[in-house]
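Analysis of the macromolecular model
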Amino acid sequence: MGSSSSSRNKIPNAQELMHQTGFSSAHLLRLHDRFESLDRDNRGYLSPDDFEVLGGLAMNPIGGRIIEAFFSSGQDTVDFSSFVRILAHFRPTDRNRNKEGTQQELPSSRTRKLKFAFQLYDLDRDGKISREELLQVLRAMLGLQVTEEQLQSIAERAIQEADLDKDDAISFDEFKKSLEKMDIDTKMSVSFLK
């Protein structure tokens, strides 16, 4: 146990990160090792190019959008704390944590997972998913598997079903409502920390 505590000391703000993300000390240590392996030049931060070595993202049709999610608007680097906070969206929801009186909503909560997913579609970050944004993501995800006409039809149907206020776009609240029956915890959880 002592070595775990001393190893954790090399991680800045470890206690704060554990509280904010729900990651354990052991998880943080594994994530720190992963961060360091991605930071091949030992700069203390990652750039979008550093993520290229992750084969799964390279094969994912929206891998570029996922990588962009690690970087705040106008920034081209991410430090360890930000890296951990983004990855926390993919933790399984800890249903017992909020029962202990924690007021803070964890990144792995259903709402925070949905906000993260919404941002992958909201390409211009205006708080709405337009038909064109939806089409761009569908093209990336489905590529040549379907015709342009089929893509248009899929986008049209999605907008019609989700757009409750009939403004021809999907707001976060509409996005959330349209996915209320989906098991987001299963769909947006990665067991990369076992």
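In this text, all values refer to a predicted model and were calculated from it rather than measured experimentally. (Residues numbered from 1 in each chain as written. Predicted model: local features only at pLDDT ≥ 70, side-chain atom pairs only at ≥ 80, totals over all residues. Heavy atoms only, no water.)

1. Observations regarding the overall build of the chain
Counting its regular elements, the chain contains 11 helices and two strands. Going through the 194 residues of the chain one by one, you find that 41% of them count as buried. The contacts of the chain with a sequence gap of at least 6 include a subset with a gap of at least 24, amounting to 55%. Only carbon and sulfur atoms are counted for the fraction: they give 50% of the accessible area of the chain, which is about 11,400 Å². (Helix = DSSP H or I, 4+ residues; strand = E, 2+ residues; numbered from the N terminus. Buried < 20%, exposed > 50% of the residue type's maximum accessible area, 1.4 Å probe, protein only. Contact = heavy atoms within 4.5 Å. Areas by Shrake-Rupley, 256 points an atom, 1.4 Å probe, with all protein chains shown as cover.)

2. Observations concerning helix 8 (residues 131-142)
Three or four residues apart is the spacing at which side chains of an α-helix point the same way, because the helix has 3.6 residues per turn. Helix length check: helix 8 (12 residues) gives 16 Å between terminal C-alpha atoms against 16 Å at 1.5 Å per residue, within 8%. All of the buried residues along helix 8 are Arg 131, Glu 133, Leu 134, Leu 135, Val 137 and Leu 138. Along its buried surface, helix 8 packs onto helix 7 (110-121), strand 1 (128-130) and helix 9 (148-162). Backbone geometry just downstream of helix 8 places Gly 143 in the positive-phi region, at approximately 50°. (Expected span 1.5 Å × (residues − 1).)

3. Things to note about the packing of aromatic side chains
Here the structure, examined in full by the defined rule, presents 10 aromatic pairs. Look at Phe 51 and Phe 83: their rings are 6.4 Å apart centre to centre, the planes differ by 45°, and that puts the pair in the tilted class. Taken as a pair, Phe 51 in the loop between helix 3 (25-38) and helix 4 (55-59) and Phe 83 in helix 6 (residues 80-87) lie far apart in primary sequence, 32 residues in all. The buried category is assigned to Phe 51, whose relative accessible area is 2%. Each ring, one from Phe 118 and one from Phe 175, has its centre 5.4 Å from the other, and the planes form 70°; the classification is edge-to-face. Linking Phe 118 in helix 7 with Phe 175 in helix 10 (residues 172-178), this pair joins segments that are 57 residues apart in sequence. The exposure classification of Phe 118 matches that of Phe 175, with both residues buried. One aromatic cluster is present, formed by Phe 35, Phe 51, Phe 70, Phe 71, Phe 80 and Phe 83 through successive ring pairs. (Phe/Tyr/Trp six-rings, centres within 6.5 Å; stacked < 30°, edge-to-face > 60°.)

4. With respect to the pattern of salt bridges
For the structure shown, the criterion picks out 13 salt bridges. Notably, a salt bridge pairs Asp 167 with Lys 128, separated by 2.3 Å at the nearest N-O pair. Of the two residues, Asp 167 is situated in the loop between helix 9 and strand 2 (169-171) and Lys 128 in strand 1; the sequence distance between them amounts to 39 residues. The shortest N-O distance in the salt bridge between Glu 161 and Arg 157 comes to 2.7 Å. Separated by four residues within a single helix, Glu 161 and Arg 157 lie in helix 9, roughly one turn from each other. Accessibility classification places Glu 161 together with Arg 157 in one group, the exposed group. The structure contains a network of salt bridges with shared partners spanning Asp 39, Arg 40, Arg 43 and Asp 50. (Salt bridge = Lys/Arg side-chain N within 4 Å of Asp/Glu carboxyl O.)

5. Some words on the UniProt feature "domain: EF-hand" (unreviewed entry) in the chain
The sites that carry the UniProt feature "domain: EF-hand" (unreviewed entry) are, in the present numbering, residues 109-144 and 150-185. Across residues 109-144, helical content stands at 67% and strand content at 8%; the span's end C-alpha atoms are separated by 34 Å. For the annotated span residues 150-185, helix accounts for 61% and strand for 8% of the residues, and the straight-line distance between the end C-alpha atoms is 29 Å. (UniProt positions renumbered as here; feature names shortened; annotations may be inferred.)

6. Considering the environment of Glu 180
Checked against the element boundaries, Glu 180 lands in the loop between helix 10 and helix 11 (184-187). When its relative accessible area of 47% is taken as the criterion, Glu 180 is described as partly exposed. For Glu 180 and Arg 110, which are 70 residues apart along the polypeptide, the C-alpha to C-alpha distance reads 9.7 Å.

7. Digging into the nonpolar core
Ranked by internal contacts, the top residues of the largest apolar core, which has 47 residues, are Leu 28, Phe 51, Phe 70, Phe 80, Phe 83, Val 84 and Phe 175. Among the domains, domain 1 (13-89) and domain 2 (106-189) are the pair contributing at least three residues each to this core. If sequence neighbours within four positions are ignored, Phe 175 has contacts with Leu 114, Ala 117, Phe 118, Tyr 121, Ile 129 and Ile 170. (Core = buried A, V, L, I, M, F, W, Y, C linked by side-chain atoms within 4.5 Å. Domains from an automatic or database assignment.)

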